[in-house]
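# A structural walkthrough
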Amino acid sequence: MYVSFFDLFKIGIGPSSSHTMGPLNASNLFIKSLTFLKKKHKIYRIKVGVYGSLALTGKGHGTDLGIAAGLLGYKPNNVTISKISSSIKDNSIYIDSLDIKFNIKDDLKFNYKLNSKSRFSNKIIYSAFSKKNDLILEKTYYSIGGGFVIDQENQKKNKIIKVRYDYNSANKLLEIGKNEGISIPNIIRTNEKDLNKTKTEREIDNDVLSIWKEMNKSIYKGMQETGQLSGKMQIKKRANYLYKRLIKKDETYDPLDVLDWVNIFAIAVSEENASFGRVVTAPTNGAAGIIPAVIKYYIEFTKESNDKGIIDFLLTASAIGGLYKNNASISGADAGCQGEVGVACSMAAAGLTSALGGTNEQIENAAEIAMEHNLGLTCDPINGMVQIPCIERNAMGAIKAINASRISLNGSGEHKVSLDEVIKTMWETGKNMNEIYKETSKGGLAVNVSEC
Ligand code: SF4
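Residues numbered from 1 in each chain as written. Predicted model: local features only at pLDDT ≥ 70, side-chain atom pairs only at ≥ 80, totals over all residues. Heavy atoms only, no water.

## Side note on the overall build of the protein chain
The number of helices and strands found in the protein chain is 19 helices and nine strands. Taken against the 2.2 N^0.38 rule, which gives 22 Å for 452 residues, the C-alpha radius of gyration of the protein chain at 22 Å falls within 12% of a compact globule. With the C-alpha coordinates of the protein chain rotated into their principal frame, the extents come out at 70 × 50 × 40 Å. When burial is assessed residue by residue, the protein chain has 58% of its 452 residues classed as buried. Considering only intrachain contacts with a sequence separation of at least 6, the fraction spanning at least 24 residues in the protein chain is 76%. Within the structure as shown, the protein chain displays about 20200 Å² of accessible surface, and the carbon and sulfur contribution to it stands at 49%. Averaged over its 58 positive side-chain charges, the protein chain has a centre that lies 8 Å from the centre of its 48 negative ones. (Helix = DSSP H or I, 4+ residues; strand = E, 2+ residues; numbered from the N terminus. Rg over C-alpha atoms; globule rule 2.2 N^0.38 Å. Buried < 20%, exposed > 50% of the residue type's maximum accessible area, 1.4 Å probe, protein only. Contact = heavy atoms within 4.5 Å. Areas by Shrake-Rupley, 256 points an atom, 1.4 Å probe, with all protein chains shown as cover. Lys, Arg positive; Asp, Glu negative; His and termini not counted. Charge placed at Lys NZ, Arg CZ, Asp CG, Glu CD.)

As structure tokens, this is what we get:
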């Protein structure tokens, strides 16, 4: 199924698309279902249960705040951490639309048992009761990464999205390109025009560019911020310090300064995300620093960069992200960090190759190289916070994406391993990965770094 650019790249709140934004969206859906019943039944109480990875790392990832924000009716693009915090009084929120109170401590339960048989790990069950404690409505949702949510009852009823160029594999994408003589960004541009019939291509391009502008704002905001990230690790924010250090360096030319800049851009966005700030899912929040850092690299450090290059970058990245979402997963809870940082790295490598004038074959090659060298990457966030290893991992992912693009651009596009094969391998690796390495904080760095 075609994944629209504007579904993949969404403006939202940190720190996690699957653990904060997904639950917020699920709460919105549940409240919407209840409004249909409101005339018939007076809702007296709502209870919410979160399961698996959502429970195990939910407190560090702000799942409780996401659920509360969604019940209050906030959307990812209009909520801020201060709005949520000021709505919570004595651990409770008042849900205006239902005229009831929701006590976060009593009505929200974290259930820590893992169910490795389920296709998706991040499950949320909402129940609404009458005054006599009769169950009026129960709904189960899965948060599947990138802020996307599946309603269990409607799992198979996928909305059919009709676009001119439908594809479900990288091979098909390349075939369309060859047969129609069209570049990958133009394939996506045409599809987005099909989905937004009232808009001109120029308006769509402007909407894509506005996504970059949001990303750029996160870079600038992150570069200005000082102090500590939330949580008991008391980690100092580094982007501002690294930036000031770099601009004070003596005049001696150091060709590796560019690496320092890319690191700063990626860390700035990731620190914003970890601070419950505003970021764009790219394709997730945990990996939100990679694509902005590589676009900023394209603007600042490559010759003849321009707006068209930025738009082509993002449209191409979207084509690749859609392949991972449909054929594997973009959730750390389902595939480990290869599904988040690995996918973002692959999307960024493809995007940069496109912006620099690469052929469709070189774009596919860059995306493949980037994922091939992220295979097996586990998710083991310390204290369940999107901080260690996540923030530095974005910097590493951005540099790797640039290198993958360079390797590809220096070749002809011909290569042994296809992108489809590497996506299949990533998904099989994810399914075979022990649950302790899938956003549960039960293994890896999360258990071996003792002082945290
Ligand atoms: S380790 Fe990777 S997948 Fe896990 S929370 Fe951090 S960025 Fe997300």
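## Observations concerning the environment of S218
Inspection of the secondary structure puts S218 in helix α9 (residues 201-224). Put simply, S218 and L419 are 201 residues apart on the chain and 30 Å apart in space, counted from C-alpha to C-alpha. Filtering out sequence-adjacent residues up to four positions away, S218 remains in contact with A268, V269, E272, R278 and V279.

## Here's the deal with the layout of surface pockets
Approximately 1400 Å³ is the volume found for the largest pocket. Forming the walls of the largest pocket are 42 residues, and the residues nearest its centre are M1, D7, F148, V149 and K325. Among the secondary structure elements, those contributing two or more residues to the lining of the largest pocket are α1 (5-8), α2 (17-37), β8 (149-151) and α13 (307-327). Of the residues that constitute the lining of the largest pocket, the class distribution is 20 nonpolar, twelve polar and ten charged. Three or more residues apiece are contributed to the lining of the largest pocket by two domains, here domain 1 (5-154) and domain 2 (170-448). (1 Å grid on protein atoms, 1.4 Å probe; cavity = no way out; pocket = protein on both sides within 12 Å on 5 of 7 lines; lining within 4 Å. Points joined across faces, edges and corners; volume = space filled by probe spheres on them. Nonpolar A, V, L, I, M, F, W, Y, C, P; charged D, E, K, R; others polar. Domains from an automatic or database assignment.)

## Some thoughts on the pairing of strand β3 (residues 92-95)
Direction of pairing for β3 relative to strand β4 (residues 100-103): antiparallel, over a ladder of four bridges. Paired with Y94 across the two strands is K101, which belongs to β4. In this antiparallel pair of consecutive strands, β3 and β4, the connection spans four residues, and D99 shows a positive phi of 60°. (Pairing = 2+ DSSP bridges.)

## What to know about the sheet that holds strand β6 (residues 123-129)
Each strand in a sheet pairs with its neighbour through backbone hydrogen bonds, running either in the same direction (parallel) or in the opposite one (antiparallel). In space, the five strands of this open sheet follow the order β5-β2-β6-β7-β8, with mixed pairing throughout. Of all strands in the sheet, those bounded by a partner on one side alone are β5 (108-111) and β8. Adjacent strand axes in the sheet meet at a mean angle of 20° when their direction is disregarded. Strand contacts of α2: β2 (45-51), β6, β7 (135-143) and β8, with the helix running at about 150° to β7, the strand carrying the most contacts. (Axes fitted to C-alpha atoms, helices over the stretch in contact; angles between N-to-C directions.)

## Focus on the packing of α9 against α13
Contact geometry for α9 and α13: axes closest at 9 Å, N-to-C directions at 90°. Here α9 is positioned roughly perpendicular relative to α13, judged by the angle of their axes. From α9, D205, V208, L209, W212 and M215 reach across to α13, where they touch D307, I310, I311, L314 and L315. Along the lines of polarity and charge, the residues of the contact of α9 with α13 split into eight nonpolar, no polar and two charged. (Parallel < 35°, antiparallel > 145°, perpendicular 65-115°, else oblique.)

## Section: the site of the ligand
Around the ligand, a shell composed of G286, C337, E340, C379, C390, R393 and E439 is seen. A class-by-class count of the residues in the shell around the ligand yields three nonpolar, one polar and three charged. (Near = heavy atom within 4 Å.)

## Considerations on the packing of aromatic side chains
Here the structure, examined in full by the defined rule, presents nine aromatic pairs. Members of the aromatic cluster, joined through ring pairs, are F5, F6 and F9. We note K10 situated over the ring of F148; from NZ or CZ to the ring centre the distance is 4.1 Å. (Phe/Tyr/Trp six-rings, centres within 6.5 Å; stacked < 30°, edge-to-face > 60°. Lys NZ or Arg CZ within 6 Å of the ring centre and 35° of its normal.)

## Remarks on the domain arrangement of the protein chain
The domain architecture assigned to the protein chain consists of domain 1 (5-154) and domain 2 (170-448). Put simply, the middle of domain 1 and the middle of domain 2, counted by C-alpha atoms, are 28 Å apart. Listed as interface residues are 34 residues of domain 1 and, on the opposing side, 47 residues of domain 2. Together domain 1 and domain 2 conceal approximately 3200 Å² of surface at their shared face, both sides included; 63% is due to carbon and sulfur atoms. Sorting the residues of domain 1 by area buried against domain 2 places F5, L8 and F9 first, and these three jointly supply 23% of that buried surface. The tally of links from domain 1 across to domain 2 stands at zero salt bridges. Remark: the boundary between domain 1 and domain 2 carries 15 residue pairs in polar contact (both at pLDDT 80 or more). Elements supplying a minimum of two residues to the side of domain 1 that touches domain 2: α1, β1 (11-13), α2 and α3 (53-56). A total of four residues in the side of domain 1 that touches domain 2 trace back to one element, the largest contributor, which is α2. Residues that form the side of domain 1 that touches domain 2 fall into these classes: 15 nonpolar, 17 polar and two charged. (Buried area = accessible area lost by both parts, 1.4 Å probe. Salt bridge = Lys/Arg side-chain N within 4 Å of Asp/Glu carboxyl O. Polar contact = N/O pair within 3.5 Å; in protein donor to acceptor, adjacent residues only side chain to side chain.)

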